[in-house]
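Geometric and topological summary
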Amino acid sequence: MLDGLFKSLIATLLISFCILTLVYCSKFIKQQKTECFNLISINFSEDLKGDFVLGTGSIKQNKYFIAYKENEDGSKKYYKMSVDQTKIYDTLEEGSTAYAEVDKNGLGITLEIRLFVPCNTITEEINLNLASDE
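Residues numbered from 1 in each chain as written. Predicted model: local features only at pLDDT ≥ 70, side-chain atom pairs only at ≥ 80, totals over all residues. Heavy atoms only, no water.

Let us look at the sheet that holds strand β5 (residues 99-105). The mixed open sheet is built from 6 strands, whose spatial order is β3-β2-β1-β5-β6-β4. Each having just a single partner strand, β3 (76-82) and β4 (86-92) make up the two edges of the open sheet. When the angles between neighbouring strand axes are averaged without regard to direction, this sheet yields 35°. Direction of pairing for strand β1 (residues 32-53) relative to strand β2 (residues 56-70): antiparallel, over a ladder of 13 bridges. Across the sheet, the residue bridging to F52 is G57, located in β2. (Pairing = 2+ DSSP bridges. Helix = DSSP H or I, 4+ residues; strand = E, 2+ residues; numbered from the N terminus. Axes fitted to C-alpha atoms, helices over the stretch in contact; angles between N-to-C directions.)

So, in structure tokens, the structure goes:
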């Protein structure tokens, strides 16, 4: 009888601990933090990765905006922003410094990036030259 009571007490404590942990983690994940910093030399980049085995395979393509993040101590750090998570606003006056606002959850996972750049800095490059470079 005591053995069954002891097992049920342990099970109840374990379930209670799991529920409390989930509640705590969900509150922590819902916390959102916005980080703002200046950017230098923004560019576009693509990564291609593939796996091939005996005639089958897959290719994965990731697109990024690449820039240098200006830190508070004056240093600069390489920074990649996923195109899928980034919204670009060309609303700054010409000559202004581009900056980014990055929203992250409590675990530090990036939720959204808002990239602010000066007007007329976004260009589309179209190459109509059909000749091959030999």
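We now examine the pattern of salt bridges. Scanning the model with the defined rule gives 7 salt bridges in all. Notably, a salt bridge pairs K104 with E35, separated by 3.9 Å at the nearest N-O pair. Here the residue K104 occupies a position in strand β5, and E35 occupies one in strand β1, the gap between them amounting to 69 residues. Given the relative accessible area of 23%, K104 is considered partly exposed. In this structure, the salt-bridge partner of R114 is E112, at a minimum N-O distance of 2.9 Å. Using a relative accessible area of 22% as the deciding quantity, one classes E112 as partly exposed. (Salt bridge = Lys/Arg side-chain N within 4 Å of Asp/Glu carboxyl O. Buried < 20%, exposed > 50% of the residue type's maximum accessible area, 1.4 Å probe, protein only.)

The topology assignment puts D51 in strand β1. By relative accessible area, D51 is classed as exposed at 56%. Those residues in contact with D51, other than ones at most four positions away along the chain, are T56, G57 and S58. (Contact = heavy atoms within 4.5 Å.)

What follows is about the packing of aromatic side chains. Evaluated as defined, the whole model comprises 5 aromatic pairs. With centroids separated by 6.0 Å and ring planes inclined at 65°, the aromatic side chains of F44 and F65 adopt a geometry described as edge-to-face. Residue F44 is found in strand β1, and its partner F65 is found in strand β2; the two are separated by 21 residues along the sequence. Judged by its relative accessible area of 41%, F44 falls in the partly exposed class. Overall, F65 belongs to the buried group, its relative accessible area being 15%. Judged by centre distance (6.0 Å) and plane angle (70°), the ring pair of Y68 and Y78 falls under edge-to-face. Of this pair, Y68 sits in strand β2 while Y78 is found in strand β3, placing the two residues 10 residues apart along the sequence. (Phe/Tyr/Trp six-rings, centres within 6.5 Å; stacked < 30°, edge-to-face > 60°.)

Structurally, the position occupied by T86 is in strand β4. Judged by relative accessible area, which is 12%, T86 ranks as buried. Here the side chain of T86 touches S82 through a polar contact of 2.7 Å, landing on its backbone oxygen. Ignoring anything within four residues of it in the chain, the contact list for T86 reads F65, M81, I113 and L115. (Polar contact = N/O pair within 3.5 Å; in protein donor to acceptor, adjacent residues only side chain to side chain.)

Note that R114 resides in strand β6 (residues 110-118). Classification of R114 as buried rests on a relative accessible area of 15%. At 2.7 Å, the side chain of R114 and the side chain of D103 are in polar contact. In contact with R114, not counting residues within four places along its chain, are T34, K87, Y89, Y99, A100, E101 and D103.

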